[in-house]
Amino acid sequence: MAQPEWAVEVEHLVRRFGPVEAVADVSFQVRRGEIFGFLGPNGAGKSTTIKILATLLRATSGRALLAGFDVATQPTQVRRSIGIVFQDHSLDDRLTAWENLYFHALLYGVGRDEFTDRAQALLAMVDLLDRRDDVVRTFSGGMRRRLEIARGLLHAPAVLFLDEPTVGLDPQTRSAIWQHVRRLRDERGVTVFMTTHYMDEADHCDRIAVIDHGRIVALGTPDELRRQVGSEAVLVGAPDAARLAAEVAERYGVAARATGPGEARIEVADAAAFLPRLAADFAGRLESLRVHRPTLDDVFLHLTGREIRDEEASPLDAMRRRVMGRRRA
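Each value, and the rule that gives it
- Per chain, residue numbering runs from 1 following the sequence as it is written.
- At least 70 in pLDDT is required for a residue's local features to be given in this predicted model, at least 80 for side-chain atom pairs to be given and counted, and no such filter applies to totals for whole chains, interfaces and linings, which use all residues.
- For side-chain calculations, the full set of non-hydrogen atoms in the structure is used, while hydrogens and water are omitted.
- What counts as a helix is a DSSP run of H or I of at least four residues, what counts as a strand is a run of E of at least two, and both are numbered from the N terminus.
- Under the convention used here, a 1.4 Å probe and the Shrake-Rupley method define accessible areas, while residue burial counts only the protein chains that appear.
- In this charge count, Lys and Arg are treated as positive and Asp and Glu as negative; neither His nor the chain ends contribute.
- Where a charge lies is defined by one atom per residue type, namely NZ (Lys), CZ (Arg), CG (Asp) and CD (Glu).
- Here a polar contact means two N or O atoms within 3.5 Å. Within protein one must be a hydrogen donor candidate and the other an acceptor candidate, and residues neighboring in sequence count only if both atoms are side-chain atoms.
- A contact between two residues is defined here by any heavy atoms of the two lying within 4.5 Å.
- Only C-alpha atoms enter the line fits that serve as axes; for helices the fit covers just the stretch in contact. Angles between N-to-C directions range over 0 to 180 degrees.
- In this scheme, roughly parallel covers angles under 35 degrees and roughly antiparallel covers those over 145, while 65 to 115 is roughly perpendicular and the rest are oblique.
- Less than a right angle of anticlockwise turn of the near helix away from the far helix marks a crossing as left-handed, whereas a clockwise turn marks it as right-handed.
- Put simply, Ala, Val, Leu, Ile, Met, Phe, Trp, Tyr, Cys and Pro go in the nonpolar bin, Asp, Glu, Lys and Arg in the charged bin, and everything else, Gly too, in the polar bin.
- Think of a salt bridge as a Lys or Arg side-chain nitrogen and an Asp or Glu carboxyl oxygen that are within 4 Å of each other.
- Put simply, a nonpolar core is a bunch of buried Ala, Val, Leu, Ile, Met, Phe, Trp, Tyr and Cys residues held in one set by side-chain atoms that sit within 4.5 Å of each other.
- Exposure categories follow from relative accessible area, calculated using a 1.4 Å probe and restricted to protein chains: below 20% of the type maximum is buried, above 50% is exposed, and the middle band is partly exposed.
- In summary, the pairing rule links any two rings of Phe, Tyr or Trp, Trp by its six-membered ring, whose centres are within 6.5 Å, and it sorts them by plane angle into stacked for under 30 degrees, edge-to-face for over 60 and tilted for everything else.
- A ring is considered to have a charge above it if a Lys NZ or an Arg CZ atom is located within 6 Å of its centre and within 35 degrees of its normal.
- For two strands to be treated as a pair, DSSP must find at least two bridges joining them.
- The handedness rule is simple: strands pointing away from the viewer, and a clockwise path from the first strand over the helix to the second, make the crossover right-handed.

**Q** What is the right way to look at the overall build of the protein chain in this model?
**A** Within the protein chain one finds 12 helices and 14 strands. By its C-alpha atoms, the protein chain is 75 × 50 × 40 Å across when sized along the principal axes. Of the roughly 16,000 Å² of accessible surface on the protein chain, a fraction of 48% belongs to carbon and sulfur atoms. Side chains of the protein chain carry 45 positive and 47 negative charges; the gap between the two charge centres is 5 Å.

In structure tokens form, the structure reads like this:
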């Protein structure tokens with residue numbers, strides 16, 4: 001049977017919890033073999049969407065296909081096609097790394113010989129082969145996360161879900177996790193669907209869907225999203241920043257403003273071409289020059305009018321969590 005063109009297809013997906021619409025008419029597609037990112041603040045609907053795709057929640061309406069299987073009508077086939085690494089650790093810390101993998105193999109019907117070969121290869125891939133017989137409670141947070149990734153891949157899924165995979169990890173460990181994720185795509189052809197509210201992590205994705213209040217507000221590659229912001233910025237250090245900004249705006253017909261007593265911000269289409277002209281025309285008045293290119297933080301601010309940050313939940317987010325908690329109870 002031919003492999004479907006898309007690893008994930010979502011059409012007009014909606015999920016309500018009483019009066020709260022956690023996922024609001026979401027549609028998107030994920031290509032096979034790509035790293036696809038769901039970027040948004042806490043409570044935006046990222047985890048709810050993953051739970052629907054993983055058959056852990058039923059959608060209120062809409063349709064979703066995963067590896068060609070319908071999430072609502074073919075849940076068994078979907079579950080065999082996915083691996084999941086949740087935000088919260090789910091390993092048995094009283095067992096060894098090897099025992100955790102073996103228990104997972106039993107659940108998914110992976111044969112003994114096949115298990116041995118796969119487990120050794122996966123532990124080697126995540127740099128834990130030398131710790132295979134150590135009890136998991138002795139592992140660091142980063143080691144546990146790497147073991148969870150290995151476990152999620154043990155039954156050779158078509159799609160690996162990573163739900164905020166590096167929350168609480170230090171920058172060095174986060175970087176190591178991403179090296180492993182890229183290897184999954186490049187060497188094994190695994191489709192990776194991950195959620196994050198870290199802007200620097202989203203830059204690792206092939207494509208990103210920006211989600212806010214349950215709705216997708218943009219979708220594209222990181223560079224495509226940055227181009228939505230438009231201009232680059234030249235940040236100029238000058239003692240007469242306000243006066244200089246006014247003169248720059250008048251001379252070049254660009255947006256310029258003082259952002260502080262000693263700095264001006266100039267919006268231009270091509271900073272590299274603009275800098276030599278600025279330096280020549282205002283020689284002696286400039287103390288410093290630097291270029292600020294649009295970041296994904298700028299993209300989110302441009303799309304929503306606010307910054308993305310890990311902050312205390314809003315009243316709506318708190319209601320979502322209370323409702324979801326009662327449903328799980």
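**Q** What's the story with the side chain of Arg-226 in this structure? I'm lost.
**A** Note that Arg-226 resides in helix H8 (residues 222-229). Polar contacts involving the side chain of Arg-226 include one to the side chain of Asp-203, which spans 2.4 Å. Separated by 3.1 Å, the side chain of Arg-226 and the backbone oxygen of Pro-294 make a polar contact. The contact partners of Arg-226, leaving out residues within four places of it in the chain, are Asp-203, Pro-294, Thr-295, Leu-296 and Val-299.

**Q** Any chance you could explain the packing of helix H9 (residues 241-252) against helix H10 (residues 271-281) here in plain terms?
**A** If you want to describe how two helices pack, look at the angle between their axes and the distance between the axes. Where H9 contacts H10, the axes come no closer than 12 Å and their chain directions differ by 120 degrees. By the angle between their axes, H9 is oblique relative to H10. Regarding H9 and H10, the two cross each other, and that crossing is right-handed. Residues Val-248, Arg-251 and Tyr-252 of H9 pack against Phe-274, Arg-277, Leu-278 and Asp-281 of H10. Here the contact of H9 with H10 is composed, by residue class, of 4 nonpolar, no polar and 3 charged.

**Q** Would you mind showing me how to read the pattern of salt bridges here?
**A** A side chain with one charge can pair with a side chain of the opposite charge if their charged atoms come near. One pass over the full model with this rule turns up 26 salt bridges. Notably, a salt bridge pairs Asp-93 with Arg-137, separated by 3.9 Å at the nearest N-O pair. Here Asp-93, found in the loop between strand S6 (82-85) and helix H3 (97-108), pairs with Arg-137, found in the loop between helix H4 (112-125) and helix H5 (141-153); they are 44 residues apart in sequence, far enough to count as distant. In this structure, a network of salt bridges that share partners links the residues Asp-240, Arg-243, Glu-247 and Arg-285.

**Q** Is there a simple way to explain the nonpolar core in this structure?
**A** Nonpolar side chains in soluble globular proteins tend to be buried together. Phe-115, Leu-147, Ile-149, Leu-153, Leu-160, Leu-162 and Ile-208 are the most contacted members of the largest nonpolar core, which has 44 residues in total. When sequence neighbours within four positions are dropped, the list of residues in contact with Ile-149 reads Val-85, Leu-160, Leu-162, Ile-177 and Leu-184. Within the second largest apolar cluster, 29 residues are counted, among which are Ala-7, Ala-64, Val-159 and Ile-211.

**Q** What should I look at first to understand the packing of aromatic side chains in this one?
**A** Aromatic ring pairs are described here by two measures, namely the spacing of the ring centres and the angle between the planes. Counted by the stated rule, this structure contains 11 aromatic pairs. Centroid distance Tyr-102 to Phe-115: 5.2 Å. Interplanar angle 65 degrees. Geometry classified as edge-to-face. Taken as a pair, Tyr-102 in helix H3 and Phe-115 in helix H4 lie far apart in primary sequence, 13 residues in all. Residue class for Tyr-102 comes out partly exposed when judged on its relative accessible area of 29%. In textbook terms, an aromatic cluster arises when at least three aromatic residues are bridged by ring pairs, as seen for Phe-28, Phe-36, Phe-38, Phe-161 and Phe-193. Cation over ring: Arg-132 sits above Trp-98, and NZ or CZ is 3.7 Å from the ring centre.

**Q** I keep staring at unusual backbone geometry and nothing clicks. Help me out?
**A** What is expected of a backbone is that most residues other than glycine have negative phi and most peptide bonds are trans. Unusually for a residue other than glycine, Asp-25 sits at a positive phi of about 55 degrees. Note on placement: Asp-25 falls in strand S2 (residues 20-31). One non-glycine residue, Ala-67, adopts positive backbone phi at about 55 degrees. When you line up the elements, Ala-67 lands in the loop between strand S4 (61-66) and strand S5 (69-70).

**Q** What is the right way to look at the packing of H5 against helix H6 (residues 171-188) in this model?
**A** Closest axis-to-axis distance for the H5/H6 pair is 10 Å, and the angle between their directions is 15 degrees. With respect to each other, H5 and H6 are oriented roughly parallel. Crossing handedness for the pair H5 and H6: right-handed. Only Thr-173, Ile-177, His-180 and Leu-184 of H6 make contact with H5, whose side of the interface consists of Gly-142, Arg-145, Arg-146, Ile-149 and Leu-153. In terms of residue class, the contact of H5 with H6 is made up of 4 nonpolar, 3 polar and 2 charged.

**Q** Mind showing me how you'd approach the environment of Tyr-102 here?
**A** Separated by 13 residues in sequence, Tyr-102 and Phe-115 have C-alpha atoms that sit 7.4 Å apart. Apart from the residues within four sequence positions on either side, Tyr-102 is in contact with Arg-112 and Phe-115.

**Q** Any chance you could explain the pairing of strand S8 (residues 191-196) here in plain terms?
**A** Remember that side chains alternate between the two faces of the sheet whenever the strand is regular. Burial runs high along S8: 6 of the 6 residues are buried. The side-chain alternation of S8 yields two buried faces, one formed by Thr-191, Phe-193 and Thr-195 and the other by Val-192, Met-194 and Thr-196. As judged from the 5 bridges shared by strand S3 (residues 35-39) and S8, these two strands associate in the parallel manner. Looking at the pairing, Leu-39 lines up with Thr-196 of S8. For the crossover from strand S7 (residues 159-163) across H6 to S8, the handedness is right-handed.

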